[in-house]
Amino acid sequence: MYRPLIAAVCLALALPALGQVPATGQAPRAPKGIKVPPQQKPVSNAWLRDADSDADRFRKLEIYLRGFDQPMLEVGQRYLALYEAIKDRNWGLADYHWDKVKLAINGGLIKRPGRTANAEAMFLDAAWPEMDKAIKSKDEQRIREQFGAVRGTCLACHAAEKVPFMNESPIFRNTAEFPR
Ligand code: HEC
């Protein structure tokens, strides 16, 4: 007597595996909140393939990949992870996150080249290599001091790039010093 139930459960489990998502019953349409290029074909889950031209595909990608905010979100997360790694004296992990911070900022600069001058002068050619050397030295005192210099550079660039309100936030407040 459980057979229909078992069959329904099996079908529900199998559908996603087959790549079939149950239809919502609502016609797909472009969002109102974002100016994606208009197109001839109906919009679909094949959001790049259904575009009319490569120019429109690239425009969709540009919108989707965002600007400097998304890499900065990652930088913020990795900056906190670096702080924790230093507290744990886990220099391998500290080195790992520090490399990814550089990657994330450079990736952001590909998208927002207007920020390159400050990013390089203040951070990538200055605070970044100093911290990198400190981590590789495994000298705890030097690393802790250098972290303070890094924090100062984050704050300075936010002021220079006209987003000083970024600095009044827990991420920087809670990393002002290390516990004794
Ligand atoms: C080029 C100078 C520059 C440097 C260096 C920089 N930032 Fe930023 N940061 C910005 C800008 C500009 C924004 C705002 C981005 C936007 O408006 O799209 C930002 C935004 C942020 C945000 C908010 C992201 C969000 O949308 O939630 C965080 C967090 C952040 N930065 C952390 C850091 C940390 C931590 C460092 C240092 C390790 C750092 N930033 C270094 C320029 C910089």
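Source: prediction; values computed, not measured. Once a new chain begins, its residue numbering starts again from 1 and follows that chain's sequence as written. Thresholds applied to this predicted model are a pLDDT of at least 70 for local features of residues and 80 or more for the giving and counting of side-chain atom pairs; totals over whole chains, interfaces and linings are not thresholded and use all residues.

For the rest of this paragraph, the subject is the environment of Asp95. Think of it this way: any DSSP run of H or I at least four residues long counts as a helix, any run of E at least two long counts as a strand, and we number them from the N terminus. Structurally, Asp95 is set in helix 4 (residues 91-111). Whether a residue is buried, exposed or partly exposed is read from the other C-beta atoms within 10 Å of its own C-beta, which are placed from the backbone; 20 or more gives buried, 12 or fewer gives exposed, and intermediate counts give partly exposed. Classification of Asp95 by C-beta neighbours within 10 Å gives partly exposed; the count is 17. Sequence-wise, Asp95 and Leu82 are 13 residues apart; in three dimensions their C-alpha atoms are separated by 8.2 Å.

Here we take up the packing of helix 4 against helix 5 (residues 116-137). Every axis corresponds to a line fitted to the C-alpha atoms, with the helix fit spanning only the stretch in contact, and the corresponding angles, defined between N-to-C directions, vary from 0 to 180 degrees. Contact geometry of helix 4 with helix 5 gives a least axis separation of 11 Å together with a crossing angle of 170°. What the angle tells us is that helix 4 and helix 5 run roughly antiparallel. Crossing hand, helix 4 versus helix 5: left-handed. When helix 4 is examined against helix 5, the residues Trp91, Ala94, Asp95, Trp98, Lys102, Ile105 and Leu109 are found in contact with a partner set consisting of Thr116, Ala119, Phe123, Leu124, Trp128, Met131, Asp132, Ile135 and Lys136. Angles are sorted into four bins: roughly parallel if under 35 degrees, roughly antiparallel if over 145, roughly perpendicular if 65 to 115, and oblique for all others. For any helix crossing, the convention is left-handed if the near helix is rotated counterclockwise from the far helix by under a right angle, and right-handed if that rotation is clockwise. Contacts here follow a simple rule: the backbone-placed C-beta atoms of the two residues must lie within 7 Å.

Right, let's talk about the site of the ligand for a bit. To decide whether a residue is near a molecule or strand, its C-beta atom is placed from the backbone and checked for lying within 6 Å of it. Among the 22 residues in the neighbourhood of the ligand, the closest are listed as Asp69, Met72, Gly76, Cys154 and Cys157. Those elements that place two or more of their residues in the shell around the ligand are helix 3 (69-87), helix 5 and helix 6 (140-160). The dominant element in the shell around the ligand, judged by the number of residues it contributes, is helix 3, at six residues. For this classification, the nonpolar set comprises Ala, Val, Leu, Ile, Met, Phe, Trp, Tyr, Cys and Pro, the charged set comprises Asp, Glu, Lys and Arg, and every other residue, Gly included, is treated as polar. Split into classes, the residues belonging to the shell around the ligand amount to 15 nonpolar, four polar and three charged.

Under the 1.5 Å per step criterion, the end-to-end length of helix 3 is 27 Å for 19 residues, consistent within 8% with the ideal 27 Å. Among the residues of helix 3, those classed as buried are Pro71, Val75, Arg78, Tyr79, Leu82, Tyr83, Ala85 and Ile86. Along the axis of helix 3, the buried residues cluster in a sector spanning 160°; they form a single face. Counted as exposed and oriented over 90 degrees from the buried face of helix 3: Asp69, Leu73 and Lys87. Multiplying 1.5 Å by the residue count of a helix minus one yields the expected span of that helix. Comment: arc refers to directions from the helix axis out to C-beta atoms.

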